[in-house]
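Spelled out, the chains give:
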Amino acid sequence: MSSWLAGLSSGCRLWRGTFIHLDSRQFHSTRLVLARQKQKKIPTLSKKQLAAKARRRAFKGKKSMYDNEKMTLEDAIAVLRSVEVASPNSLYELFVKTEMSKGSTIPKGRYQLPREAKAKTKDRILVFAEGKQAEEARNAGADIVGGPELVDGVISGRHKASLFLSTPELIRTITPKLGRVLGPRGLMPSERRGTVTDNIAGYIRNLRSSDEWRGDKAGTIRTPIARAHFPVPDVVKNVRYFMTVVKRATGNIRDPDADRDKKDTNQKPVNAIVRVILSSQQGPGITISDA
């Protein structure tokens, strides 16, 4: 009996007639807890996860005093002009944040500003066409024009271009070989993008006189909109014009010529415009209240 009491006393303490177990409590410095802590492995982050973490930190960092303040377009231009007074040739940029709802496509389109803010980059155009359409493409300014005989030259790199167009008659002939070469680069002619068309000459003329705008995967559209030395009315006119183009392309403005009584089953989802920001090279980004 005495030995049993001695063993019990090692794990319990008698206090006012009640036994209290001491071994059942584990503190942060006990061997068992320390051993469990050693077993926990710190997860190694991938490059993508590290980049996302850095973006979150940057987003939570210092912000401009204009981040939560909205201004009219003319007031925002006045602020940016005062910032860029020593750099009259600096660019104004417009950021349009759209909401990418489920099933919506990345917004894109073409535009021609009333007063150009940036010199156009000239595309080198290669056209797959024959007969009269080939002659029209040459007259419209195409750099390389021909039929299926151009395919091997494109694959070998002898015929280089930044834009490829094709007539509907030749697209099936060139696709088997060129699809593997131009497809991954996003240059393969396609009806969806309008680069497979019978009106090759009209497409080239429209291309020469306009620029393309395109949103990113998050639905943010970014474009140079004016220069700091432009008069305020010219900047306002450019912004208003571009916003009208974007609103039509994203479904925020409906085509007035469309038949309203007829239900359009193929109507695209609306990419709602969440925020419009005007900024300059040295100035802050200012949210526009009347865009």
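Residues numbered from 1 in each chain as written. Predicted model: local features only at pLDDT ≥ 70, side-chain atom pairs only at ≥ 80, totals over all residues. Heavy atoms only, no water.

**Details of the overall build of the chain**
No. 1: When its secondary structure is counted, the chain shows nine helices and twelve strands.
No. 2: Counting every position in the chain, which comprises 291 residues, the buried fraction comes to 33%.
No. 3: By sequence separation, contacts in the chain at least 24 residues apart represent 71% of the contacts at least 6 residues apart.
No. 4: Accessible surface for the chain amounts to roughly 19,900 Å². Of this, 52% is attributable to carbon and sulfur atoms. (Helix = DSSP H or I, 4+ residues; strand = E, 2+ residues; numbered from the N terminus. Buried < 20%, exposed > 50% of the residue type's maximum accessible area, 1.4 Å probe, protein only. Contact = heavy atoms within 4.5 Å. Areas by Shrake-Rupley, 256 points an atom, 1.4 Å probe, with all protein chains shown as cover.)

**A short note on the environment of R115**
No. 1: Summarising the element assignment, R115 is placed in the loop between β5 (108–111) and β6 (125–128).
No. 2: Distance from R115 to A226, taken between C-alpha atoms, is 7.8 Å for residues 111 residues apart in sequence.
No. 3: Non-local contacts of R115, meaning those with residues more than four positions away in its chain, are made with H229, F230, P231, D234 and N238.
No. 4: Here the side chain of R115 touches D234 through a polar contact of 2.8 Å, side chain to side chain. (Polar contact = N/O pair within 3.5 Å; in protein donor to acceptor, adjacent residues only side chain to side chain.)

**Some thoughts on the packing of aromatic side chains**
No. 1: This model, assessed by the stated rule, comprises two aromatic pairs.
No. 2: Their ring planes at 75° and their centres at 5.1 Å tell us that Y111 and F242 sit as a pair that is edge-to-face. Here Y111 is found in strand β5, whereas its partner F242 is found in helix α9 (residues 232–249), with 131 residues between them in sequence.
No. 3: Residue classification places Y111 among the buried residues on the basis of a relative accessible area of 6%.
No. 4: Taking the centre distance of 6.2 Å and the plane angle of 75° together, the rings of W213 and F242 count as edge-to-face. Placement of W213 in strand β9 (residues 211–214) and of F242 in helix α9 is noted, with a sequence separation of 29 residues between them.
No. 5: In this structure an aromatic cluster arises from ring pairing among Y111, W213 and F242.
No. 6: For R115, the ring lying beneath its charged end belongs to F230, and the centroid distance is 3.9 Å. (Phe/Tyr/Trp six-rings, centres within 6.5 Å; stacked < 30°, edge-to-face > 60°. Lys NZ or Arg CZ within 6 Å of the ring centre and 35° of its normal.)

**Concerning the side chain of T195**
No. 1: Structurally, the position occupied by T195 is in the loop between α7 (168–182) and α8 (200–208).
No. 2: Under the relative-accessibility criterion, T195 is labelled buried at 6%.
No. 3: One polar contact links the side chain of T195 to the main-chain amide nitrogen of S190, over a distance of 2.7 Å.
No. 4: With near-sequence residues (within four places) excluded, T195 lies in contact with L163, F164, L165, S166, M188, P189, S190 and Y203.

**Describing the pairing of β9**
No. 1: Only one face of β9 is covered, namely the one carrying D211 and W213; the face carrying E212 and R214 has none of its residues buried.
No. 2: Strand direction decides the pairing type here: β5 and β9, joined by four bridges, are antiparallel. Paired with Y111 across the bridge in β9 is D211. (Pairing = 2+ DSSP bridges.)

**Some remarks on the nonpolar core**
No. 1: Core analysis: the largest hydrophobic core is formed by 30 residues, its most contacted members being Y92, L94, V96, I225, F242 and L278.
No. 2: Sorting elements by how many residues they give to this core places α9 first, with seven residues.
No. 3: Sequence-distant contacts of L94, defined by excluding residues within four places in its chain, comprise I221, R222, T223, I225, V239, F242, M243, V276, I277 and L278.
No. 4: With 16 residues, the next largest nonpolar core counts I144, V151, L178 and L182 among its residues. (Core = buried A, V, L, I, M, F, W, Y, C linked by side-chain atoms within 4.5 Å.)

**Here's the deal with α9**
No. 1: Here α9 contains 18 residues, and its C-alpha end-to-end distance of 26 Å stays within 8% of the 26 Å for a straight helix at 1.5 Å per residue.
No. 2: Along α9, the residues classified as buried are V235, V236, N238, V239, F242, M243, V245 and V246.
No. 3: Each element contacted by the buried residues of α9 is listed here: α4 (73–83), β4 (91–98), β5, β9, β10 (220–227) and β11 (273–280).
No. 4: Residue G251 follows α9 closely and has a positive phi angle near 85°. (Expected span 1.5 Å × (residues − 1).)

**As for the packing of helix α5 (residues 132–140) against α8**
No. 1: Where α5 contacts α8, the axes come no closer than 8 Å and their chain directions differ by 15°. Compared by their axis directions, α5 and α8 come out roughly parallel. Between α5 and α8 lies a crossing of right-handed hand. Of α8, the residues touching α5 (which contributes E136, A137 and A140) are I200, A201, I204 and R205. (Axes fitted to C-alpha atoms, helices over the stretch in contact; angles between N-to-C directions. Parallel < 35°, antiparallel > 145°, perpendicular 65-115°, else oblique. Left-handed = near helix turned anticlockwise from the far one by under 90°.)

**With respect to the sheet that holds strand β7 (residues 144–146)**
No. 1: The parallel open sheet is built from three strands, whose spatial order is β7-β6-β8. Of all the strands in the sheet, just β7 and β8 (163–166) have a single pairing partner and so form its edges. Sheet twist, expressed as the mean angle between neighbouring strand axes with direction ignored, is 15°.
No. 2: Here four bridges tie β6 to β8, and the two strands are oriented parallel to one another. When the sheet's bridge partners are listed, L126 is paired in β8 with F164.
No. 3: Across the sheet, α7 touches β6 and β8, and the angle it forms with β8 is around 145°.

What is shown is where atoms sit, not what they do.
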